[in-house]
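# Understanding the architecture of this molecule
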Amino acid sequence: MFGRRALLACLLASLAPLPLGCGGSDDAGAQTSDPPAVDGGDAAPKSTLGIVVDANRDGTLDLANADGEGDHATWDAKHGAILLANLDDDDQKGAADATDAIVNGDRDVADLAPIALRAWPDAPDGTTATLSIDERSAPNVRLFRVNGDPASAASYVAIDPPSLALSADEVRAGVTLAIEARNFVTSTAQDAWNGYVDLTLAVKGQDGSSVGTDQARMRVAPLLLQHDLAPTESVFYTDLGFESAPLLKGLDPACAADHGMTPTGLTTGDQWAQDFFDVGYTSRPGPGGAPIGMKIAIRSAQDWRQAGQDALDYFRTLPDWGTLYLHTENDDKQSDNGDSLDSFGNWSVIPPYTKGSESFPLGRNVWGSVASDHPDSGYEDFVRAQAVQPAFNVDTSWLYVGHIDEFTSFVKANNARGWVLLAASPKMARDMLLKMQADGHGQTQLFVGKQWPDANYNMTIPAAITIDDLLADASIAAESQYVQTRVDAEVKRLKDEIGLSDDEIVPIPFLWEKYGGYALAHQPGTVNLLHFDGTVVIPDPFGPQLDGSDPFEDDLTTRLGALGLTVAFADDWNLYHVLSGEVHCGTNVSRTMDAKWWETGR
Amino acid sequence: MRTLGIALAGALALATFAQAAVADVPLATQLAAERKVHPDVVAAVERVRAEVAAHPPDARGSVAVGWRLRALGEQALVPMLALVATSETSMKELPVRSRRALLVGLLEAIGGLKDARAASTLRALLDGPEADAQVAATAASALGKLCRPEDAAFLVGRAVPGHARDRAAIAGLAECRREEVVTHLAARLDAHPDDATAVALAESLGSLGSSWAWQALAKSKLAASAEPIRTHAATALASAFVAYGGATRDAIGRALVMVEHPAARARLQALRGGVDPATAAAIEALEGRLP
């Protein structure tokens, strides 16, 4: 199996005059003396001067067989080469590789997409050619000429501006190039760069007349956001020493069992590991068309939040991890929720699904956003501009924290769809408590042994409350009922949009309260859970103990277990619940990047 | 940090308490007394203020402010009221995030105490220049939780078209389960205000008529008011459901589901004859969610 670096060396070596033993018999550098009929597309005779890109997405340039690369002038679900936004930091200089005009070490070679100008050995004297890049793309990409061993970064020389004039000798010899993007597509605005890079090769004879042209279209890979069904590689949390111990007591064994993972503790002072960064990835076809690329750690659009910068500083040091931070200046939201909606707990991905003729094989980005209460407008537009995971919005303006993960989760399930939507259900919680009360357990307490914070933020105020007292709290009752109507409305919108059936929506019971005019979870918000590979780590509900067990815990174990999930609980009370967050808010994950986004047709 | 470092006592010395008197004793005088009786509590309030000023909290951190103040109990009422009463000076230069977190936390804690001594300070805030809508609404809610006739009357008097505190007062009235409150809010809704106001009215009526809340109150002395309040709320909301469309109708529908009263169904059936097909369909869909 090729490593990424070896792959690129072979890929580029395939452009050299002699085969270098990298497989693919048609990769040999055949040079011919065919006439220069370079009019592009499928009509172009093979082995004449022309642009070669990995249009057939098999991870190699098929120099000898132009037809093997298919139609390279169009970009659609079946054709078209891809370049990466080169945002990792292979030479560890503290900035993205795309920020400078060099190839940042041999490892960085793998992040460039190869291009070749096929040789025309019999080009007449006086023949010239120019390779140019369309005006919008030119500032967004960097073109390198490869002079020598393509596996060595030292062979790469930037062409700035990205336009190349070739002499007759160069036309005869052919040219090896590589390209990187300096950024993702960042906007849906009509005048913004759309990510399609059009390369044009124009060949002229000695008299200056046109001999022919060739065109190739490439596309910068989008940033893909992870959906919850993708296999998990790493789990993260913020390491706050002894304060993290209760969470880890539940999280550690859940990660270890069947998954062999140890959660990675991030060093920062912000326990909301879901919120201050997100993990995405960007990819292009590698060997056999399998995706290769890099992970992207994204900092939330919250300039005041040091933890976001701490996260980027950490992830930038990891191999093949890029970083991204978009913050729209002068976009300070004046809504009550402020920029809480920029926290990534408010950003989720609906898992892959098909509804009728519409298919979303990479899922859909979904986040809380309404006109009066929305995240950073620049980041929202950035996400929409990625295009391959079409956006859907829900209304989270009724929540104090304002995050979609306060009332929904998507988890794997052993049903036909392969997943279900979990939705907060205060109604179910209330019904359960009413039944316990009716069964004579009204004086049994919830939250036994737990405390609320005192004025010094020491956990000293007993939280225990009887079922009777909780059910007699009119404020909690009214707010819980209000929340049920809001959840019902948002779940209906998701249901209609996705085509979910009722049995694909699983109610998760907990009551709510009002604070500052908005809704907060009163009982631990058990829908705010961490899911990885069929395991769920749920906030310990600290419900009443009846006959030695907690009915809330039992209910979740039974119903989620029936979906094929392995259920674990973690005590998140002190560090998360009392601050209006739960397990999901305090954790994060990195998942695999196996999806071939280029096949989506978007 | 000079401004942020202003001590509570210093701020109080600058403040005018003409409108913030409690039981005819100036708040400053009461605070001075509290300093002698509960110096630790006064210091604790001051400490919370200083910490929030120095470290502007995010949304979650702001909830902790409320927890910390709430934990101080009724002994903290006077120092908390003093801080609210002097907010125009003592919090003038705080970051928006700190100021909001602190005031919302104070007002949540004050509201939770349901202590009549808070009324004059809350009224003064609501009749003062406070520009933060969430702060004003939380103050109105704290007053609504007192829910004496005079508190209801104060809020009703401001929940009128064109009043600067209309929206805050509507939110505050959601906490006050009195018949004159529901009568006022229902009349406002019947007058077909703009959509945003209609949504606010519907949400307050939904909360006032909440079937779950009234079941929680079944053994309280308020229980006798349940039926007239819920009937009135349901009827007004049902009429409004027909009168409005779009997202406003959706919000009214959610409120009707909260009230969950047969009067709504009766009203909807009475109105059904003269409505357009879309409204008829909306009524039919809603009726599936009503008793």
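The structure we're discussing is the one just above.
Residues numbered from 1 in each chain as written. Chains lettered and ligands numbered in written order. Predicted model: local features only at pLDDT ≥ 70, side-chain atom pairs only at ≥ 80, totals over all residues. Heavy atoms only, no water.

### Remarks on the pattern of salt bridges
What the rule picks out here adds up to 44 salt bridges over all chains. Close ionic contact of aspartate 502 of chain A with lysine 495 of chain A constitutes a salt bridge, the shortest N to O distance being 2.4 Å. Relative accessible area serves as the criterion here: at 26%, lysine 495 of chain A is assigned to the partly exposed category. With its nearest N and O atoms 2.7 Å apart, the salt bridge here joins aspartate 127 of chain B to arginine 158 of chain B. You can see aspartate 127 of chain B sitting in the loop between α8 (119–126) and α9 (133–146) and its partner arginine 158 of chain B sitting in helix α10 (residues 149–158), a full 31 residues away along the chain. For arginine 158 of chain B, a relative accessible area of 17% translates into the label buried. Ionic contacts of the salt-bridge type, sharing partners, join the residues Asp89, Asp91, Lys93, Asp97 and Asp100 of chain A into one network. (Salt bridge = Lys/Arg side-chain N within 4 Å of Asp/Glu carboxyl O. Buried < 20%, exposed > 50% of the residue type's maximum accessible area, 1.4 Å probe, protein only. Helix = DSSP H or I, 4+ residues; strand = E, 2+ residues; numbered from the N terminus.)

### Brief notes about the pairing of strand β15 (residues 291–299) of chain A
Residues and elements named next belong to chain A. When you tally the buried positions in β15, you get nine out of nine residues, the bulk of the element. Remark: five residues form the turn of the hairpin made by strand β14 (residues 277–285) and β15, two consecutive strands paired antiparallel; glycine 288 in that turn has positive phi of roughly 65°. Pairing of β15 with strand β16 (residues 321–325), which is carried by five bridges, proceeds in the parallel orientation. Bridge pairing in β16 places isoleucine 296 opposite glycine 322. With respect to chirality, the unit in which β15 leads through helix α4 (residues 306–315) into the neighbouring parallel β16 is right-handed. (Pairing = 2+ DSSP bridges. Right-handed = clockwise from strand over helix to strand, strands pointing away.)

### A look at helix α12 (residues 179–190) of chain B
All names here are of chain B. For α12, spanning 12 residues, the distance from its first C-alpha to its last is 16 Å, which sits close to the expected 16 Å at 1.5 Å a residue. Listed in full, the buried residues belonging to α12 are Val181, Val182, His184, Leu185, Ala186, Arg188 and Leu189. Buried residues belonging to α12 abut α10, α11 (166–173), α13 (195–209) and α15 (226–243). Residue histidine 192 follows α12 closely and has a positive phi angle near 55°. (Expected span 1.5 Å × (residues − 1). Contact = heavy atoms within 4.5 Å.)

### Description of the layout of surface pockets
Its volume calculated, the second largest pocket comes out at about 890 Å³. Together, 33 residues line the second largest pocket, and Gln271, Tyr457 and Leu579 of chain A together with Gly61 and Ala64 of chain B are the ones closest to its centre. For the lining of the second largest pocket, the secondary-structure elements that each account for two or more residues are α3 (245–256) and α4 of chain A together with α3 (39–54) and α4 (59–70) of chain B. If you tally residues by element for the lining of the second largest pocket, the top one is α4 of chain B, at five residues. When grouped by side-chain class, the residues that make up the lining of the second largest pocket number 17 nonpolar, six polar and 10 charged. (1 Å grid on protein atoms, 1.4 Å probe; cavity = no way out; pocket = protein on both sides within 12 Å on 5 of 7 lines; lining within 4 Å. Points joined across faces, edges and corners; volume = space filled by probe spheres on them. Nonpolar A, V, L, I, M, F, W, Y, C, P; charged D, E, K, R; others polar.)

### Considering the sheet that holds β15 of chain A
Residues and elements named next belong to chain A. Pairing in this open sheet of four strands is mixed, and the strands run β11-β14-β15-β16 from one edge to the other. Two strands bound the open sheet, and with one partner strand each, they are β11 (224–225) and β16. One ladder, built from nine bridges, connects β14 with β15; its direction is antiparallel. Bridge pairing in β15 links valine 279 to alanine 297. Contacts from α4 reach β14, β15 and β16, with the element oriented near 155° to β15. (Axes fitted to C-alpha atoms, helices over the stretch in contact; angles between N-to-C directions.)

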